[in-house]
Amino acid sequence: EAEVAQSPRYKITEKSQAVAFWCDPISGHATLYWYRQILGQGPELLVQFQDESVVDDSQLPKDRFSAERLKGVDSTLKIQPAELGDSAMYLCASSHHIHPEAFFGQGTRLTVV
Amino acid sequence: AQSVTQLGSHVSVSEGALVLLRCNYSSSVPPYLFWYVQYPNQGLQLLLKYTSAATLVKGINGFEAEFKKSETSFHLTKPSAHMSDAAEYFCAVSDQAAGNKLTFGGGTRVLVKP
């Protein structure tokens, strides 16, 4: 069964350091999402791609966060510098242009110390 | 803007009892609605979806949900809880005008007592 792949699963980093997360969506899914989930809350959208183009990054803290999907396939989310408040689960999801449901990866649990 | 409200952040049920999780949504257009389940330190798994076909939707693991437009609700039920149903459940609404961006509720954690 096709899955969204994310790495790493867990990441511990010191504040002010840079950190990056990688996501490989389900093959053929043109839409890719990055969500952030703070413990005890629902996921919130950070950025949405349609192929290689950003569709929505209104909630992405652009002073420290960046995201790219250069070839319209896999994607990288970067934080530089990391802050204590960035500790959260970072979830990647993808969807097909015909079907509205999003499929999620296992997530990356980030702890900033 | 779309929004989702899940009533009750925690629900405790006995094994074999009915599970009922409440979800109300706000949407300016006919919505697509979803329920996802999340186990600790895992991603979200799709339980079921409503996309304007039948109002009673059946999903995986014995769950079902009913779309009620007049009540703007999409409550999730399972007739008989199993220990493996202990998890967090999220209701979500899709914004069709914004590339199917999902807006999630705050989640309901289900505890199943033996």
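Structural data are supplied above this passage.
Residues numbered from 1 in each chain as written. Chains lettered and ligands numbered in written order. Predicted model: local features only at pLDDT ≥ 70, side-chain atom pairs only at ≥ 80, totals over all residues. Heavy atoms only, no water.

Visitor: Can you walk me through the overall build of chain A in this structure?
Guide: Tallying secondary structure elements over chain A gives zero helices and eleven strands in all. Along chain A, from the amino end to the carboxyl end, the secondary structure elements read β-β-β-β-β-β-β-β-β-β-β. For chain A, whose C-alpha radius of gyration is 13 Å, the value lies close to the compact-globule estimate of 13 Å for 113 residues. Taken along its principal axes, the extent of the C-alpha atoms in chain A is 40 × 25 × 25 Å. By the burial criterion, 47% of the 113 residues in chain A qualify as buried. Sequence-distant contacts, at least 24 apart, represent 52% of the contacts inside chain A between residues at least 6 apart. Summed over all atoms, the accessible surface of chain A reaches about 5600 Å², with 49% contributed by carbon and sulfur. Treating the 10 positive side-chain charges of chain A as one cloud and the 15 negative ones as another, the clouds have centres 7 Å apart. (Helix = DSSP H or I, 4+ residues; strand = E, 2+ residues; numbered from the N terminus. Rg over C-alpha atoms; globule rule 2.2 N^0.38 Å. Buried < 20%, exposed > 50% of the residue type's maximum accessible area, 1.4 Å probe, protein only. Contact = heavy atoms within 4.5 Å. Areas by Shrake-Rupley, 256 points an atom, 1.4 Å probe, with all protein chains shown as cover. Lys, Arg positive; Asp, Glu negative; His and termini not counted. Charge placed at Lys NZ, Arg CZ, Asp CG, Glu CD.)

Visitor: When you look at the side chain of A:Thr13 in this model, what are you seeing that I'm missing?
Guide: Note that A:Thr13 resides in strand β2 (residues 10-13). Residue contacts for A:Thr13: discarding those within four places in its chain leaves A:Ala18, A:Ala82, A:Leu110, A:Thr111, A:Val112 and A:Val113.

Visitor: Honestly, the pairing of strand β9 (residues 88-95) of chain A in this entry has me stumped. Any pointers?
Guide: Consecutive side chains of a regular strand alternate in pointing toward one face of the sheet and then the other. All names here are of chain A. Most of β9 sits inside the fold, with eight of its eight residues counted as buried. Along β9, one buried face is formed by Ala-88, Tyr-90, Cys-92 and Ser-94 and the opposite face, lined by Met-89, Leu-91, Ala-93 and Ser-95, is buried too. Note: strand β4 (residues 31-37) against β9, seven bridges, orientation antiparallel. Pairing of Leu-32 across the sheet is with Ser-94, part of β9. Across three bridges, β9 lies against strand β11 (residues 108-112) in antiparallel orientation. Of the residues in β11, the one forming a bridge with Tyr-90 is Thr-108. The pairing of β9 with strand β10 (residues 103-104) spans two bridges and is antiparallel. Its bridge partner lying in β10, Ser-94 is registered against Phe-103. (Pairing = 2+ DSSP bridges.)

Visitor: Can you walk me through the sheet that holds strand β8 (residues 73-78) of chain B in this structure?
Guide: The strands making up a sheet are joined through hydrogen bonds of the backbone, oriented either antiparallel or parallel. Residues and elements named next belong to chain B. If you trace the five strands from one edge of the open sheet to the other, you get β1-β3-β8-β7-β6, paired in antiparallel fashion. The sheet is open, and its two edges are formed by β1 (3-7) and β6 (56-58), each paired on a single side. Going across the sheet, the axis of each strand differs from the next one's by a mean of 20 degrees, ignoring polarity. The pairing of β6 with strand β7 (residues 64-68) spans three bridges and is antiparallel. Residue pairing for β7: Lys-58 is matched across the bridge by Glu-64. (Axes fitted to C-alpha atoms, helices over the stretch in contact; angles between N-to-C directions.)

Visitor: Can you walk me through the pattern of salt bridges in this structure?
Guide: Any two side chains of opposite charge can pair, on the condition that their charged atoms come close. All names here are of chain A. Evaluation of the coordinates by the stated rule reveals nine salt bridges over all chains. Among the salt bridges present, the one from Asp-86 reaches Arg-36, with a minimum N-O distance of 4.0 Å. Of the two residues, Asp-86 sits in the loop between β8 (75-79) and β9 while Arg-36 sits in strand β4, which places them 50 residues apart along the sequence. Here Asp-86 matches Arg-36 in class, with each residue buried. (Salt bridge = Lys/Arg side-chain N within 4 Å of Asp/Glu carboxyl O.)

Visitor: Help me understand unusual backbone geometry in this model?
Guide: Only a minority of non-glycine residues have a phi that is not negative, and only a minority of peptide bonds are not trans. Cis geometry is adopted by the peptide bond preceding A:Pro8, which originates at A:Ser7 and carries an omega value of -5 degrees. For the bond running from A:Gln80 to A:Pro81, omega is -5 degrees, close enough to zero to count as cis. With respect to the element layout, A:Pro81 can be found in the loop between β8 and β9. Unusually for a residue other than glycine, B:Asn41 sits at a positive phi of about 55 degrees.

Visitor: What's the story with the layout of surface pockets in this structure? I'm lost.
Guide: Picture a little ball the size of a water molecule; that probe, rolled over the atoms, points out where space is still empty. Estimated volume of the largest pocket: approximately 440 Å³. Forming the walls of the largest pocket are 20 residues, and the residues nearest its centre are A:Glu1, A:Glu3, A:Phe104, B:Leu44 and B:Gln45. Where the lining of the largest pocket is concerned, the elements lending two or more residues are β1 (5-7) and β10 of chain A together with β4 (32-38) and β5 (44-50) of chain B. The dominant element in the lining of the largest pocket, judged by the number of residues it contributes, is β5(B), at three residues. Here the residues of the lining of the largest pocket sort into twelve nonpolar, six polar and two charged. (1 Å grid on protein atoms, 1.4 Å probe; cavity = no way out; pocket = protein on both sides within 12 Å on 5 of 7 lines; lining within 4 Å. Points joined across faces, edges and corners; volume = space filled by probe spheres on them. Nonpolar A, V, L, I, M, F, W, Y, C, P; charged D, E, K, R; others polar.)

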